[in-house]
Every structure is written in C-alpha cells, then in structure tokens.
Amino acid sequence: MRPTAGVRTLAVLLAVAGACGDDPAPPPPPWVPFAEVARPEHPRPDLRRDTFVNLNTVWDFAYDPEDVGITEGWAGRDDVWTDRIQVPYAWEAPLSGLVPPHDAPYFAGEALAATTYRGVAWYRLALPEAPPVAAGYDWHLVFGAVDYTARVYVDGQLAGEHEGGYAPFSVNLSALAGDAPPRIVVRVEDLTELADRAQPVGKQGGVWYTRTSGLWQTVYLERRPAVYLESYRVVPEPDAGRIVVRAVLAGGERAEVALVARLDGVEVGRTSGTVTGGDGELPLPLDEVERWDTDHPTLYSLDLTVTGADGAPDVVHGYFGLTTVATGWLPGHGPDDGVAVADQYAALYVNGRPRYLRCVLDQSYYPDGVYTAPSVDRMRADLELARDLGFNCVRLHIKVDEPLKYRLADELGLFVVYDMPTLDIQARNPEGFAGRAKIEAMIRRAIARDANHPSVLAWVLFNENWGLMESGAFLAPTPLAESPSLQEWVREMVAMARALDPTRPVEDNSAGGIVEVFEHVDSDLNSFHQYSDEPGVFRSFLDAQAAAVFPGSAASYVGGGAQDGAPWLNSEVASYSAVGGSSGEAPYCDLFWLLNELRRQPKLVGYVVTQLTDVEYEENGLVTYDRGTRPLCERAGVSLADLGADDVVVFEWLPEATVTAGATVEVPLSVSHWSSPETATRTVALGFGADGERVSAAVDATAFEPTSTTLTITAPATPGPAFLVAELLDADGAVVSKSRLAVTVE
C-alpha cells in the first residue's frame, strides 16, 4: 500500500522528534584538518559520501611564467612559494586574495588588462596530520574543476593528470602518501586564447570577461573502498512507476548494488542486484509517484550502496526527480491533423504537456568570485530573482556551472537550458583541428555529470557559430553553410549527445550573432537570437520568420538540413545588446512590447531575455553586476513580473498607437493560453491606466494558440501619452497576469 501524504508527514515529524530525544545525532566527519574553509558545503549533492573533508583553505601559490617548475622540481621544494591563495577561487578573482577588487564597469580591454597573467602556476597544501586509516578504504583527493590542465603530486610523486576546465577528477591519495602528513602539489596550465584557441571556453578571456584560471571549484577528500561507485545515471519512467538506475563501478567489475529511494524521508522503493562488467542497470519500482515540475519541484533522495568482494561498502547519497521532456506537434497542428503544412508546428513537452518557456539568460559571473560563486546563498538569490521576475527557466550560458547551481534550480522549480562552453569566438576550426576532440570530451563529461538533474530541459552544444568557422573570425566570419566538414562534425556531436542522453532535446547551435544568419544543421530546437528597438521592424521580422516555420522548410538550416518538427523559439532577445550600457529605463520599457510581440506569434513556444545580471562591461542586466536594482519600468501598475505567466493578454496594436481623445475605440487583443491543455474561460479587463474605467469580456481561450477578441473602450479626454492596461482574470476573479501598451492620445 502506498503511504499517503499525511502518513509521510507524520513519519517525518516522528523522525524529527526521535532525533531530538535519545537517538544519536548524525556522526561528524571523521576528520577535520582545517577548522575554517571557504564554501564549506558539499559540492556534489548528487554524489555525496559522509566522509567528505573540505580542503578549501589557503594554499601556497607561485606563478611559473618561464615554465621551469617541472625541470626544477618545484613539487618537492620549499623555497619557490611566493604567495598564498584562497581556494576555490581562480587566481584572477578578488576572493583568491591575489588581486584587488575590480572597479566596475569594465570595458573589454580593461578586463583583460586587469589580470594579464596566463600560463603556469603551482599550488601546495601541506595537511597538518595524516588522514586516519580505515581498513579497506583509501582517501581520494577530488577536484571539482581546474582550468585548464592539471598535474597532481603527492609527496613529490606524480599522482595524476587531467585536461579540461569543467569536469571533476580525483587521485588516490592513500596510494602514494605514507604515515606522515601528506603534501599535495598541483601544477596548473591555462593559456586560454594565447594557445591555438583549441581550448573550450565560456566567456572567460578573449574579447569577453576576466579570465578564470586554476582551482575554481571545491577541492576535497573522501574515503572510498577498493570497489566503489564511479557514477550513476537515473532514467525516470514515471508512467511505469519506476526509475532505472545505471551504476558505473570503479576498482572492479563486479559488486552488489543496493538502492533505497525516499520521499519526504519515507522509504518508497528498495531493490538490489549484482552488477558485472563494470556497470549495470537496476530498475527501482516506486510506491509513490510524484512528478517534478516547476510548480511542484518534488525531489526524492536516493541512497546507493556498492559492496565489492572484500565486503567494504561504498555508501553514496544522491537524489532524483521524476520528469520527462520531449518535443512534439502541438494539438491540432501535426501532420496527421488534416491542417496545411504551413499550420504545422511543435512545442516542448514536459511531463506530457506543452510548455511555454519564459527564460532569462544567466551567465553566472560574480564581481568577487568571477567564475565561482562566493556562496550558495548568492547562487540561490540569483535564481530566486529570476523566479520572482516571472521566469520559469534560466539559460545557463556557455558554462558548465557548479553542480550546486543545478541543485538549486531543482529545488526552486526552474527549468535549465544547458549551454555548453565552446571554442573561442575567434577560433579557426578546419578539419583535423585539435579543438574538436577537446569539445567532444567536454560534452561527454558535462552530460555524464549533470544528466540526473530534473531541471535540465535541453542541451545546447554551440552558441552563435563560435568555433564553427574554418577561416576568418570575428570581423570576417565564414558561415557554417560554407563548410561541409564542420557541418558533418556538428552532426556527429549532436548524434553523440543524443546517444549520451536520449531523454532530452539537443540543440546544435543557438543561432544568431556574428554571422548574422541563423544556421542549424541537425537540431531538436529551431532557435534564433534577435535584438531590436524598433517595434514595427521586430514584428515584420517575426512574421517573416514564422511564415518559414513548417516541416520541410529549409529556412535557418544549412547543409541540406530542414525543419522536421523542431519547436521554434527565441533564445536571446532584448532591445540592445551590451556594449555601452543601458540608457535609463528605455531598454526595460522595451521589454514590455518585445515580449508582447513574441507571445503574439502562434508558432513561437518560448523566449530568453538577455540578461539576468550585468557582467563587467556588458551592462544589460535586470540587476547590476553587484546585484543592485535596475529601474525596470513599472508603469500603470504593471511590472515585468506581471508578464511572467502561462496565460497572458496580447495587444495586436504596435506601441505608440494613436487614439482620438474622448473617442470610442475598438482594441484588438488575443489571449495566449498555456496553463492547461483544455479550453479555459478567462475574463479580459481593459482600461486606460491603473485606475481608470474598465471594460471586460469573457473569452473561451483555446490552448496553445492565441484566441482573438476585441474590446470597445472610451479614450481619455485629455491628449497626451497613456497606457492601455489589460488584466486577465481566472474563473474566481483572481488576476492571472497583466499587460500594458503605450499609446498616444491626440
């Protein structure tokens, strides 16, 4: 019998009460060598062992501009350490202790001049005592991410090497350390754009922001037995009432694997089985199925215990959410629905229902930590801001972020469009270019690390053709259409990503930018970027684009590709891009008509507003770089957050429409209804200003396409600027959303 919500709640209360009585408190970490550490939380909520020991303390540090450290044996010397650095912050970040706080705003040249060192640097940490010995277990030294290549030494011996600035890696500390306190040394090399531009990057360096080099995610120790869990993948199958867990072993090819799932602390599933050959799948039936969604972000805990032949268990704590993502034709608009080809279009389906994406671009940079958040609270505050402004989605932009950022999105109920880092915007990528293999390795590692997060909605492999040019760059880019070799490579990367995660859409290239055309090759999403401050031009652009959205259309595709049911959505929009900053409230006022125009398009299923925060010289955020407020143009009682709803009223007039003072005017409107798949009765209330006379009408709003209506209203008697304000009310009279349009009364 499945426990009810009330039974679960009672069980949780009893468990809490027991913990406050005679039951012992959870055991502390077995060993705490450093009493004070930065970023003290466990960095992997999806892969947590209780033996976690945080090493985010102050390390010895030295630059090695001549790259002599290896030949001169720095790994074993005491006389080369010239500085101290706070881990886990890049050596360019003020929180590292190596550079002063930055003066904002930056311009591109100032950002690069502020931290000019690129090359090799060394880190050293001497543990104050030897880690405690536990029979059958070794201590492993884990690095969350190091930008870009790392060589790790333990007591002067080379313990391991790693290439790639975004993936975790580890070395066996116990295998090399003796009885004395071990000394850890790490050599890091990060050349970024000074190399052949083959290194995958986000926007750290190049023509963009302050570089990120070195140890930029948490460094820690954890104990593992000889055979342990390397990784696991959860595939939700909520319709079947289960998940399927693929466990990957390390240190051996055979082990017993036990799984326990809990919901609100109450066990709802248990199974076990033998894994052979190094990995295997175990189905786990669930007594209770609650789907993860943005309005109900339910998370299950998952304990995984791996026991090898020696009997030493490896206990790992994780979690999962039950959600499914797919693309599909919108109801009434598929090839089998008897409609013309021009009226066939698709959407993203989450848990079997079409969704409208209201996303905001989040570059996840910080003035003091640069690529690394100063705290979990700072990360949480950014995501809460996005949610409070009416967004249901963030596009985490060109960055494999800290796992905790995705965990917070899981908790808060925000979709994540997952942008991969790419090659430098000026990289030349001919056939055989070394950067191709590096990009492939990065994509593989990113999907392996983060595919379990239920918030992840789609994988985006490339952005604006960066790294997808054989010759010419930036000022003279070559379109992807001119490179069959690169087109084939993009197809290979898309096929690889789909094979690694068949459960989510894969976008080949978030289209727009420097080539000034939209170039998809093979994509599950048909996206475009557009910046405009001219309403009429923007409407004409959207109408022309929409007319070319239908199956078989070659619009926005190159290399013989064509549209085949990929949902059409905007993936960057604003009235201006970045350089030079905003001009008062104007860009934020423009968002009201920009979003109105996007919601006016029946075929369009989502947008991404640029951007959540300023980043250095790019001053187009909804808040400043230090998270100060912006004037977001609230007028006539309508704020930006009022637009952030599944159901909204759309104005068919362009802004600055002219009406005659005191005249009776007919205002054409439509209702965009995405909150449910059924037709819903809504009331549209319309007036001039926040407090003026209102007229209203009931509308039977059709799901997933605008439903037209017209309301008749008397214009103000006094000439001048005014606002038309539309409210959408549900069956109980509650306001669902608000919209506004600037008009001129003559």
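All of the points below concern the structure found in this document. Model, not experiment: these values are computed from the prediction.

What to know about the pairing of strand β12 (residues 219-225)
Strand residues, when the strand is regular, have side chains that alternate between the two faces of the sheet.
Right, so step 1: Burial of β12 is extensive: 7 of the 7 residues sit out of reach of the surface.
Right, so step 2: Judged by which residues are buried, β12 turns out to be covered on both faces: Val 219, Leu 221, Arg 223 and Pro 225 on one side and Tyr 220, Glu 222 and Arg 224 on the other are all buried.
Right, so step 3: In the sheet, strand β1 (residues 53-54) pairs with β12 via 2 bridges, with the strands oriented antiparallel. Among the inter-strand pairings, Val 53 is bridged to a residue of β12, identified as Leu 221.
Right, so step 4: In this sheet, β12 lies alongside strand β5 (residues 137-143) in antiparallel orientation, the contact comprising 7 bridges. Opposite Trp 139, over in β12, you have Arg 223 as the bridge partner.

Quick word on the state of the cysteines
Right, so step 1: Summed over the entire model, instances satisfying the criterion amount to 2 disulfides.
Right, so step 2: Sulfur-sulfur distance for the disulfide between Cys 359 and Cys 393 comes to 2.3 Å. Classification of the bridge connecting Cys 359 and Cys 393 rests on its S-S torsion, roughly 85°, and on that basis the disulfide is right-handed. Separated by 34 residues along the polypeptide, Cys 359 in strand β25 (residues 357-362) and Cys 393 in strand β26 (residues 393-396) bring together distant segments of the chain. We note that Cys 359, like Cys 393, is buried.
Right, so step 3: Here Cys 589 is linked by a disulfide to Cys 633, with a sulfur-sulfur distance of 1.8 Å. Between Cys 589 and Cys 633, the S-S torsion sits near 95°, and that sign places the bridge as right-handed. In this pair, Cys 589 sits in helix α8 (residues 586-600) while Cys 633 sits in the loop between β32 (606-609) and β33 (647-651), placing the two residues 44 residues apart along the sequence.
Right, so step 4: Judged by its relative accessible area of 2%, Cys 633 falls in the buried class.
Right, so step 5: Cysteine pairing in the chain follows 1-2, 3-4, where each cysteine in a disulfide is numbered by its order in the sequence.

A short note on the sheet that holds strand β21 (residues 313-320)
Right, so step 1: Across the sheet, 4 strands lie side by side as β16-β15-β20-β21; this open sheet has antiparallel pairing. Pairing within the sheet leaves two strands with one partner each, and these edge strands are β16 (266-275) and β21. Neighbour-to-neighbour, the strand axes of the sheet open up by a mean angle of 15°, direction not taken into account.
Right, so step 2: Relative to β16, strand β15 (residues 255-263) is paired through 9 bridges, and the arrangement is antiparallel. Among the inter-strand pairings, Ala 255 is bridged to a residue of β16, identified as Val 275.

So, the pattern of salt bridges
Right, so step 1: Evaluation of the coordinates by the stated rule reveals 49 salt bridges.
Right, so step 2: Residues Arg 187 and Asp 67 are paired through a salt bridge, measuring 2.8 Å at the closest nitrogen-oxygen approach. On the criterion of sequence distance, the pair formed by Arg 187 in strand β10 (residues 183-190) and Asp 67 in the loop between β2 (58-63) and β3 (83-86) is long-range, its members being 120 residues apart.
Right, so step 3: Residue Arg 187 is classed as buried on the basis of its relative accessible area of 6%.
Right, so step 4: When its relative accessible area of 38% is taken as the criterion, Asp 67 is described as partly exposed.
Right, so step 5: Across the salt bridge formed by Arg 600 and Glu 652, the nearest N and O atoms sit 2.9 Å from each other.

Conventions adopted
Residues numbered from 1 in each chain as written. Predicted model: local features only at pLDDT ≥ 70, side-chain atom pairs only at ≥ 80, totals over all residues. Heavy atoms only, no water. Buried < 20%, exposed > 50% of the residue type's maximum accessible area, 1.4 Å probe, protein only. Helix = DSSP H or I, 4+ residues; strand = E, 2+ residues; numbered from the N terminus. Pairing = 2+ DSSP bridges. Disulfide = S-S within 2.5 Å. Axes fitted to C-alpha atoms, helices over the stretch in contact; angles between N-to-C directions. Salt bridge = Lys/Arg side-chain N within 4 Å of Asp/Glu carboxyl O.

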